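Observations on the three-dimensional arrangement
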Amino acid sequence: MSTTRIYNFAAGPAVLPEPALEEAQRDLLALPGVGMSVLEISHRSKAFEAIIGGCEAAIRQLAGIPEHYHVLFLPGGATLQFSMVPLNLLPAGSWADYVVTGSWSEKAVKEAKKVGAVNVAFTGKADNYVRVPKAGEMKLTPGAAYVHLTTNETIHGVEYHALPDVGDAVIVADTSSHMFSRPLDVTRYGAIYAGAQKNLGPAGVTLVIIRDDLVKKAAESRAYATLPVMLQYGAHAAEKSLYNTPPAFAIYLMGLAMKWLVSIGGLSAIETINERKAGKLYAEIDRTGFYRGHAAKESRSRMNVTFRLPTEDLEAQFVKEAKAAGMDGLKGHRSVGGLRASIYNAFPEKGVDVLVDFMKEFERKNG
Ligand SMILES: *Cc1c(COP(=O)(O)O)cnc(C)c1O
């Protein structure tokens, strides 16, 4: 039976690269040379060592990640990192600065406050999260344990186009929904985390890239010994993400997706494609006044394009008719409303062209 793939604009879990899905499908019954499915093998086997090692190697290659950073594959989603970050990196008596640019950074703050002292250095809530802070707008507190940024807000479609100047503070970033969508200099960060199901792979694994001295420093704090082992970065780093049984299939598929990313030319190549895709969509949004972008121009996300139509009825009609035309996942998040087109790395450019044509026709009929 042949299966037709439609255009999947969902924010996450989201579209995956077809070559990765095809390889996984082909090898699902028996990995070449192994004779067992990746779903059936021990996480301590040579075969799995090669899989997790290959995934890490591709990730290191893509961003030129130096040896003094750990690359970890953890369970619990980006949401668990909202807790693990402060549990490990925010010692008693200290505090952390959080920059709040949308719903995900709000959630990060909420969890961090359960653990320790939080200073909200900026919040864009008053204008419903349309932009990142301008230079000088953040009230950073010197001596903070770290500054937390959500570098792409998936729900509001708000993205930093460049890292803000935070002096010599340690940056911890939730990069979930634009990880590896553009070149990344990890040495500017103390830690980076990203749930895989947006732009890296399937749900079930979270990529954490963290500087070794931060892991060591965390392990020296008095509270660390009382942390459940699964919440200790040090335990996962020491065991190379194999302290317990990892989400093996998710890591395998992420490895295939990373291999695909390397094969098409890596992060600068994908950035060129992503710029072009987002550019086409925003150009259509800006062409007349019919569509209205949610985010301010200088903070527009290349991954999650959020926009409104003149009425909610038209928005509902748009989603319905788009779905009938083979485009799914365009309804905006319930907290923001409107439309959202998530156009991650694996989303085909052809699908953006199809959406733009559909938008033109929809406006012609209803504008
Ligand atoms: C989806 C998302 C999360 C939550 O990820 P889970 O893996 O579901 O926990 C956190 N931050 C951002 C920016 C996201 O897009």
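Now for a quick tour of the structure. Residue positions are given per chain, counting from 1 as you read along its sequence in written order. Note on the predicted model: pLDDT of at least 70 is required for a residue's local features to be given, and 80 or more for side-chain atom pairs to be given and counted; whole-chain, interface and lining totals, by contrast, use all residues. Only hydrogens and water are set aside; all other atoms, that is, all heavy atoms of the structure, feed into the side-chain values.

1. Concerning the overall build of the chain
Comment: elements are numbered from the N terminus, with helices defined as DSSP H or I runs of at least four residues and strands as E runs of at least two. Scanning the chain from N- to C-terminus turns up eleven helices and 14 strands. Computed over the C-alpha atoms, the radius of gyration of the chain is 21 Å, within 12% of the 21 Å expected from 2.2 N^0.38 for a compact globule of 367 residues. Each principal axis of the C-alpha atoms in the chain carries an extent, and together these give about 65 × 55 × 30 Å. Only protein chains enter the area calculation, which uses a 1.4 Å probe; residues under 20% of their type maximum are buried, those over 50% are exposed, and those in between are partly exposed. Looking at the 367 residues of the chain, the share that counts as buried comes to 54%. Based on C-alpha atoms, the radius of gyration is set beside the globule rule, defined as 2.2 Å times the residue count to the power 0.38.

2. Notes on the packing of aromatic side chains
Only Phe, Tyr and Trp rings take part, Trp by its six-membered ring, and two of them pair if their centres are within 6.5 Å. Stacked means planes under 30 degrees apart, edge-to-face means over 60, and tilted covers everything else. This model, assessed by the stated rule, comprises 14 aromatic pairs. Relative to F347, the ring of Y7 has its centre 6.1 Å away and its plane inclined at 50°; by these criteria the two rings are tilted. In this pair, Y7 is assigned in strand 1 (residues 7-8) and F347 in the loop between strand 14 (339-342) and helix 11 (349-366), connecting sequence segments 340 residues apart. You can call F347 buried: its relative accessible area is 2%.

3. Quick notes on helix 1 (residues 18-26)
Taken together, the buried positions of helix 1 are A20, E23 and A24. Taken down its axis, helix 1 places every buried residue within 100° of arc, on the same side. Residues of helix 1 that are exposed and point over 90 degrees away from its buried face: Q25 and R26. Any two residues whose heavy atoms approach within 4.5 Å at even a single point are treated as in contact. The inward-facing, buried residues of helix 1 abut helix 8 (248-263). Within this analysis, the arc is defined by the directions that extend from the helix axis to the C-beta atoms.

4. So, the nonpolar core
Here is a general trend for soluble globular proteins: nonpolar side chains tend to be buried in one another's company. To qualify as a nonpolar core, a set must consist of buried Ala, Val, Leu, Ile, Met, Phe, Trp, Tyr and Cys residues joined through side-chain atoms within 4.5 Å. Residues I59, F73, M179, F180, L200 and M258 are the most contacted members of the largest nonpolar core, which totals 58 residues. Among the elements that make up this core, the one with the highest residue count is helix 8 (eleven residues). Every residue in contact with L200, bar those within four places of it in the chain, is listed here: M179, F180, A194, L207, M254, A257 and M258.

5. Some remarks on unusual backbone geometry
In this structure, P13 follows G12 across a cis peptide bond, with omega equal to -10°. Along the chain, the position of P13 falls in the loop between strand 1 and helix 1. For F180, which is not a glycine, the phi torsion comes out positive at approximately 65°. When you line up the elements, F180 lands in the loop between strand 8 (171-174) and strand 9 (191-195). Given the relative accessible area of 1%, F180 is considered buried.

6. What to know about the side chain of Q81
Residue placement: Q81 occurs in helix 3 (residues 77-89). If sequence neighbours within four positions are ignored, Q81 has contacts with L74, P86, Y193, T206, V208 and Y233.

7. Side note on the site of the ligand
The near set for a molecule or strand comprises every residue that places at least one heavy atom within 4 Å of it. Around the ligand there are 13 residues in total, and T79, T154, D174, Q197 and K198 lie nearest to it. T79 places a polar side-chain atom, nitrogen or oxygen, 2.5 Å from an oxygen atom of the ligand. Within the side chain of T154, an N or O atom sits 2.4 Å from an oxygen atom of the ligand. When the ligand is considered free in solution it has 390 Å² of accessible area, and contact with the protein chains removes 88% of it. Every element with two or more residues in the shell around the ligand is listed here: helix 3 and helix 5 (196-199). Note on residue classes: Ala, Val, Leu, Ile, Met, Phe, Trp, Tyr, Cys and Pro are nonpolar, Asp, Glu, Lys and Arg are charged, and everything else, Gly too, is polar. Looking at side-chain class alone, the shell around the ligand contains three nonpolar, eight polar and two charged residues. Any N or O atom pair separated by 3.5 Å or less is treated as a polar contact, with the protein-specific requirement of one donor-capable and one acceptor-capable atom, and with residues adjacent in sequence counted only for side-chain atom pairs. Here the accessible surface of atoms and residues is derived via Shrake-Rupley with a 1.4 Å probe, and residues count as covered only by protein chains that are part of the display.

8. A short note on the sheet that holds strand 11 (residues 292-293)
The pairing criterion is simple: DSSP has to find at least two bridges between the two strands. In space, the three strands of this open sheet follow the order 11-12-14, with antiparallel pairing throughout. The outermost strands of the open sheet, each flanked by one partner alone, are strand 11 and strand 14. Pairing analysis gives two bridges linking strand 11 to strand 12 (residues 304-308), with the strands arranged antiparallel. Counted as the bridge partner of R292 is R308 from strand 12. Whenever a helix is involved, its axis is fitted only over the stretch in contact; in every case the axis is a line through C-alpha atoms, and angles between N-to-C directions fall within 0 to 180 degrees. Sheet contacts for helix 9 (residues 266-287): strand 11, strand 12 and strand 14; angle to strand 12, the most-contacted strand, approximately 10°.

9. Concerning the sheet that holds strand 8
Read from one edge of the open sheet, seven strands run 2-10-9-8-5-3-4, paired in mixed fashion. The sheet is open, and its two borders are formed by strand 2 (69-74) and strand 4 (117-123), each paired with just one other strand. Each adjacent strand pair in this sheet contributes to an overall mean axis angle of 20°, direction not counted. Two elements, strand 8 and strand 9, share three bridges in a ladder whose sense is parallel. Along strand 9, the bridge assignment pairs A173 with I192. Across the face of the sheet, helix 2 (residues 46-63) comes into contact with strand 2 and strand 10 (206-211) while running at roughly 130° to strand 2. Together, strand 3 (95-100), strand 4, strand 5 (147-150) and strand 8 form the strand contacts of helix 4 (residues 103-115), whose direction differs from that of strand 3 by roughly 160°.

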